[in-house]
Amino acid sequence: MNQLETFISQFKNKTIGIAVYDLQTQKEILINADEMMHPASTMKVSIMMEVFRQAHEGLLSLDEQLEIFNSFKSIADGSEFALDAADDSETTLYKRIGERESIRELTRLMIVRSSNLASNILLEKVGTARVDAFIRELGIADMAVIRGLEDKKALRMNLNNSASASSSTAMMRLIAEGKVISKEACDEMIQIMLGQEFNESIPALLPANVKVAHKTGWSGDFFHDIGIVFPRNRKPYAISLFTHGFPEDKEKEAHDCMAQVSRIIYEEMLAETVDDGL
């Protein structure tokens, strides 16, 4: 992958973590893959996994209606805080405080619109500790979920969620292989991620007929995208792109970088498929 390494070398003073696992060839691409970073909203995939686990165990129903509320406790000191709609990419729930919505729809909004409010409501339901425990039960190393979104007191105390490109690809690989809970649960989670509405990174420069089930994440100077890419006529590959160092006002540069990395990887994957006669 000399082309890939040459491309990312131009981004001085920035860390670009890349982890790819190809289900077709079992080959991997790992560049800065174990660099631990703030996962931003990519951690919402782990919340979705725990929601589906509890549904499978009969602990909840995806059609169960939850009250929409906006008051949460900081893990720093137990004080209450509320989310600001101005900091959220999904705002319709803030106009519906006191109403009810299904766990299924809250999960969808958490993924496709990256709703922070839906995420925190779901964490209150399933338990943050249970999300973290399920990650470990699945054998995913170097990933931790200890708090919800916008817990600013905890952030200031460096009480933070963490992940790497490698651990995120391990998670997406398990979903792609149908090994999280059941194949049916994985298929449903993939369908949700296929509805992703923010497509500036992994899918942006891929052919229109290539499906991508993915989850973006952004916080400060961290910009990420993790997903499963489904090229035609071959098995998919799991991919995670983690970046650190692009200034907040250079969001387009970060997205463009990830889009180019994704394109290079896609072209390499297809070239290897042809070379191997697959």
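What you see is a predicted model, and the numbers here were worked out from it, not measured in a lab.

**Focus: the packing of helix H3 (residues 103-112) against helix H8 (residues 183-194)**
1) Next: Between H3 and H8, the least distance of the axes is 8 Å, while the angle of their chain directions is 50°. The pairing of H3 with H8 is recorded here as oblique in orientation. In this structure, the crossing between H3 and H8 has a hand that is right-handed. Contacts between H3 and H8 pair Arg 104, Thr 107, Arg 108, Ile 111 and Val 112 from the former with Glu 188, Ile 192 and Met 193 from the latter.
2) Next: Tallied by class, the residues present in the contact of H3 with H8 amount to four nonpolar, one polar and three charged.

**Observations regarding helix H7 (residues 165-176)**
1) Next: The terminal C-alpha atoms of H7, which comprises twelve residues, lie 16 Å apart, in line with the 16 Å expected from a rise of 1.5 Å per residue.
2) Next: Listed in full, the buried residues belonging to H7 are Ala 165, Ser 167, Ser 168, Thr 169, Met 171, Met 172, Leu 174 and Ile 175.
3) Next: Structurally, H7 contributes buried residues whose contacts are with strand S1 (15-22), helix H2 (44-56), H8, strand S7 (211-219), strand S8 (222-230) and strand S9 (237-244).
4) Next: Residue Gly 178 follows H7 closely and has a positive phi angle near 75°.

**Brief notes about empty space enclosed by the protein**
1) Next: A complete count under the given rule lists one cavity of 30 Å³ or more for this structure.
2) Next: What the largest cavity holds in volume is close to 40 Å³.
3) Next: Residue lining of the largest cavity: Pro 39, Thr 42, Met 43, Met 143, Ala 144, Val 145, Ser 162, Ala 163, Ser 168, Met 171 and Ile 226, and that is the complete set.

**Digging into the pattern of salt bridges**
1) Next: Considering all chains together, one arrives at 20 salt bridges under this definition.
2) Next: Residue Glu 64 is joined to Lys 125 by a salt bridge in which the shortest nitrogen-to-oxygen separation is 2.8 Å. Here Glu 64, found in the loop between H2 and strand S3 (65-67), pairs with Lys 125, found in helix H4 (residues 116-126); they are 61 residues apart in sequence, far enough to count as distant.
3) Next: Take Lys 125: its relative accessible area is 33%, and that puts it in the partly exposed class.
4) Next: For the salt bridge of Glu 197 with Arg 113, the shortest nitrogen-to-oxygen distance reads 3.0 Å. One end of the pair, Glu 197, is in the loop between H8 and S7; the other, Arg 113, is in the loop between H3 and H4, with 84 residues separating them in the sequence.
5) Next: Look at Arg 113 and you get partly exposed, because its relative accessible area is 25%.
6) Next: Salt bridges linked by common partners bring Glu 50, Arg 53, Arg 130 and Glu 137 together as one network.

Rules and cut-offs
- All residue numbers here refer to positions counted from 1 along the written sequence of the relevant chain.
- Restriction of local features to residues with pLDDT of at least 70 applies here, the model being predicted, together with a cutoff of 80 or more for giving and counting side-chain atom pairs; totals for whole chains, interfaces and linings are based on all residues.
- Side-chain metrics in this entry use all non-hydrogen atoms of the structure; hydrogen atoms and water are not considered.
- Note on geometry: axes are lines fitted to C-alpha atoms, helical ones only across the stretch in contact, with angles between N-to-C directions running from 0 to 180 degrees.
- Numbering of helices and strands starts at the N terminus; helices are DSSP runs of H or I of at least 4 residues and strands are runs of E of at least 2.
- Throughout this description, any angle smaller than 35 degrees is read as roughly parallel, any larger than 145 degrees as roughly antiparallel, any in the 65 to 115 degree range as roughly perpendicular, and the remainder as oblique.
- Handedness of each helix crossing follows the sense of rotation of the near helix against the far helix: counterclockwise by less than a right angle gives left-handed, clockwise gives right-handed.
- The contact criterion used is simple: two residues touch if any of their non-hydrogen atoms lie within 4.5 Å.
- Polar here means any residue other than Ala, Val, Leu, Ile, Met, Phe, Trp, Tyr, Cys and Pro, which are nonpolar, and Asp, Glu, Lys and Arg, which are charged; Gly is therefore polar.
- Here the expected span of a helix is defined as 1.5 Å times the quantity of residues minus one.
- Accessibility here uses a 1.4 Å probe with only protein chains present; expressed as a share of the type maximum, an area under 20% marks a residue as buried, one over 50% as exposed, and anything in between as partly exposed.
- Residues are said to line a cavity or pocket when one of their atoms sits within 4 Å of a point; the points come from a 1 Å grid over protein atoms alone, cavities being sets where a 1.4 Å probe fits but cannot get out and pockets being open sets with protein on both sides within 12 Å along at least five of seven lines.
- Grid points are joined across faces, edges and corners, and a volume is the space filled by probe spheres set on the points.
- Here, a salt bridge means any side-chain nitrogen of Lys or Arg that lies within 4 Å of a carboxyl oxygen of Asp or Glu.

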